[in-house]
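Listed below, chain by chain, are the residues.
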Amino acid sequence: MFRGRKAKKFFSILLAAVMALTLLAGCGGGGEASQSGSTGGTQTTDLKVGFILNGLLGSQSFDDVIVAGIEKAQAELGFEYMKAEKVEAAQAADTVRTMVQQGCNYIIFNSAVVTDPCVDVMKENPDVMFLSIDYDLPDAPDNLCCVSYREQEAAFLTGAFCELMSKTGKVAFIGGNEGGTMVRFEAGFRTGARYVNKDAEVSVSYVGFQDANKGKETATMLYNQGYDWIAGAAASSNLGIFQASEELGGDNWVCGAADGQFHLMPSRIVVSQVKRVDNVAYNMLKEAAEGNFQGGAHLNMGLKEEGVDMLYTDKNDELLAMIPEEVTTRIEELRQAIIDGEIVVPASNDEIESFKFPE
């Protein structure tokens, strides 16, 4: 039997070995196949990239969008790439150490959950570049680049669009959970709807990120109450919202999120509010490959920086044709006003109280 320090040392070594095997099993494009990238080009960088996330890929969340950006850069630059999914806070630091031991010199975190516990290990590895792609860590180490977003700007456009298109004046936002980025999404949506119609009736619900049944049940209830446009920002729960729109049909429309999600319900999703984390991941990796890593930077991205956006469907021309020209014109006017700083979109419901709406 192992006792005291010997036992701790043994289990520490065992944990590291298990994590190494897990990471090897989870490699995305690793090994020989990754050297040329998915397009068959030659390797043009010494980067070896790791992606650490506390969720699971394939859940229709923004994590899938991050991967799209990483893989786009991989195809162009030909670097090796591995990922570790469903990493809990207590595992994050050891996961980083394992990736570093395997040669990763650029590690991407998807959230505060896996960023916060890794400050010490970042300082232990000053030659490794770290990117917190959706969290601004206070007092970040010099080898960490932090990115946050003004999600409220994309949500503002979506709320305005839904209200301009609504026949009832009643629009709804369904999010994953209260708090975090949802605060900014909700505030932006509420403000956008009221900005174009002071009498807009806005409903807000939260259904969790992985409960399509609850998403469908909530959306069906709202549609039946006359809310004819619903914007979903609830990861895989959005699937239920889309199903409700399809089953009820008619003027019960829906907006997507994440990568746009248009392919999931091309007959019903007209616009989507998105965070362009694919662009951010791609651009940051390309900059690093060119020797321009922004260590220690705190970047905040909105419409102006192309970090967020409201996209129109690229899957259904009939849906595009039903949008009146005056609506698209109004949306573009609002977009430009935000970019120019003429409209500063509230980032919380408290900020809405002091926001000046048109008379």
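Going by the structure above, here's the rest.
Calculation rules
Numbering of residues begins from 1 in every chain and follows the order in which that chain's sequence is written. A pLDDT threshold of at least 70 governs which residues receive local features in this predicted model, and a stricter bar of 80 or more applies before side-chain atom pairs are shown or counted, although totals over entire chains, interfaces and linings include all residues. Water and hydrogen atoms play no part in the side-chain values, which are based on all heavy atoms of the structure. Counting from the N terminus, the helices are DSSP H or I runs at least four residues long and the strands are E runs at least two residues long. Only protein chains enter the accessibility calculation, which uses a 1.4 Å probe; a residue whose area is less than 20% of its type maximum is buried, one above 50% is exposed, and one in between is partly exposed. Contacts are assigned to residue pairs that have any heavy atoms within 4.5 Å of one another. Methods summary: accessible areas were calculated by the Shrake-Rupley approach with a probe of 1.4 Å, and residue burial reflects only the protein chains presented. Note: two strands are recorded as paired if DSSP finds a minimum of 2 bridges between them. To obtain each axis, a line is fitted to C-alpha atoms, and for helices this fit is confined to the stretch in contact; angles are then taken between N-to-C directions over 0 to 180 degrees. Each salt bridge in this description consists of a side-chain nitrogen of Lys or Arg and a carboxyl oxygen of Asp or Glu lying within 4 Å of one another. To estimate how far a helix should extend, the number of its residues minus one is multiplied by 1.5 Å. For classification, angles of less than 35 degrees are called roughly parallel, those exceeding 145 degrees roughly antiparallel, those between 65 and 115 degrees roughly perpendicular, and all remaining angles oblique. Take the far helix as your reference; a near helix turned counterclockwise from it by less than a right angle gives a left-handed crossing, and one turned clockwise gives a right-handed crossing. Side-chain atoms within 4.5 Å are what join buried Ala, Val, Leu, Ile, Met, Phe, Trp, Tyr and Cys residues into a set we call a nonpolar core.

If you tally the helices and strands in the chain, you get 14 helices and 12 strands. A buried classification covers 53% of the 359 residues belonging to the chain. Here the analysis covers contacts within the chain between residues at least 6 apart in sequence; of these, 71% occur between residues at least 24 apart. Accessible surface for the chain amounts to roughly 16,200 Å². Of this, 48% is attributable to carbon and sulfur atoms.

We now examine the sheet that holds strand β9 (residues 253–256). Judged by pairing direction, the sheet is mixed, and its 6 strands sit side by side in the order β7-β6-β8-β9-β10-β12 without closing on themselves. Two strands bound the open sheet, and with one partner strand each, they are β7 (201–206) and β12 (308–312). Adjacent strand axes in the sheet meet at a mean angle of 20°, parallel and antiparallel pairs treated alike. In the sheet, β9 pairs with strand β10 (residues 269–275) via 2 bridges, with the strands oriented parallel. Considered in β10, the bridge of Gly256 is made with Ser272. Set on the sheet, helix α8 (residues 181–196) makes contact with β6 (170–175), β7, β8 (229–233) and β10; between it and β6 the angle comes to about 175°.

What follows is about the pattern of salt bridges. Enumeration over the complete set of coordinates arrives at 18 salt bridges. For Glu124, the salt bridge is made with Arg97, and the minimal N-O distance between the two is 3.1 Å. Taken together, the positions of Glu124 in helix α6 (residues 119–124) and Arg97 in helix α4 (residues 89–101) put the pair 27 residues apart, joining distant regions of the chain. In this structure, the salt-bridge partner of Arg276 is Asp278, at a minimum N-O distance of 3.1 Å. Each member of the salt-bridge network shares a partner with another, and the members are Asp134, Glu151, Arg184 and Lys275.

What follows deals with helix α7 (residues 151–165). For α7, with 15 residues, the first-to-last C-alpha span of 21 Å sits near the 21 Å given by 1.5 Å per residue. Of all the 15 residues making up α7, 14 are buried; the element is thus mostly covered by neighbouring parts of the structure.

Turning to unusual backbone geometry, a few remarks are in order. One non-glycine residue with positive phi stands out, namely Asp139, at about 50°. Mapped onto the fold, Asp139 is located in the loop between β4 (129–132) and β5 (144–149). Positive phi values are uncommon outside glycine, yet Ala235 reaches one of about 50°. Within the element layout of this structure, Ala235 appears in the loop between β8 and α10 (238–248).

Close contact between α7 and helix α13 (residues 325–339) brings their axes to 10 Å; oriented N to C, the two are set at 155°. With respect to each other, α7 and α13 are oriented roughly antiparallel. Both α7 and α13 take part in a crossing whose hand is right-handed. Contacts between α7 and α13 involve Glu153, Phe156, Leu157, Ala160, Phe161, Leu164 and Met165 from the first element and Val327, Arg330, Ile331, Leu334, Arg335 and Ile338 from the second.

Turning our eyes to something else, we now look at the sheet that holds strand β11 (residues 298–301). Within the open sheet, the 6 strands sit side by side as β2-β1-β3-β4-β5-β11. Their pairing is parallel. The sheet is open, and its two borders are formed by β2 (80–84) and β11, each paired with just one other strand. Across the sheet, the axes of successive neighbouring strands diverge by a mean angle of 15°, strand direction being ignored. As defined by bridge partners, strand β1 (residues 48–52) adjoins strand β3 (residues 106–109) across 4 bridges and the pair is classed as parallel. Bridged to Phe51 within β3 is Ile108.

Let's shift gears to the nonpolar core. Counting residues in hydrophobic clusters, the biggest one holds 73 residues, and the most contacted among them are Tyr106 and Phe161. In terms of residue count, the dominant contributor to this core is α7 (8 residues). For Phe161, the residues in contact, after removing those within four places along its chain, are Trp229, Val270, Val271, Met310, Tyr312, Ile323, Val327 and Ile331. One finds Cys104, Phe109, Val114 and Tyr135 within the second-largest nonpolar core, a separate group that totals 22 residues.

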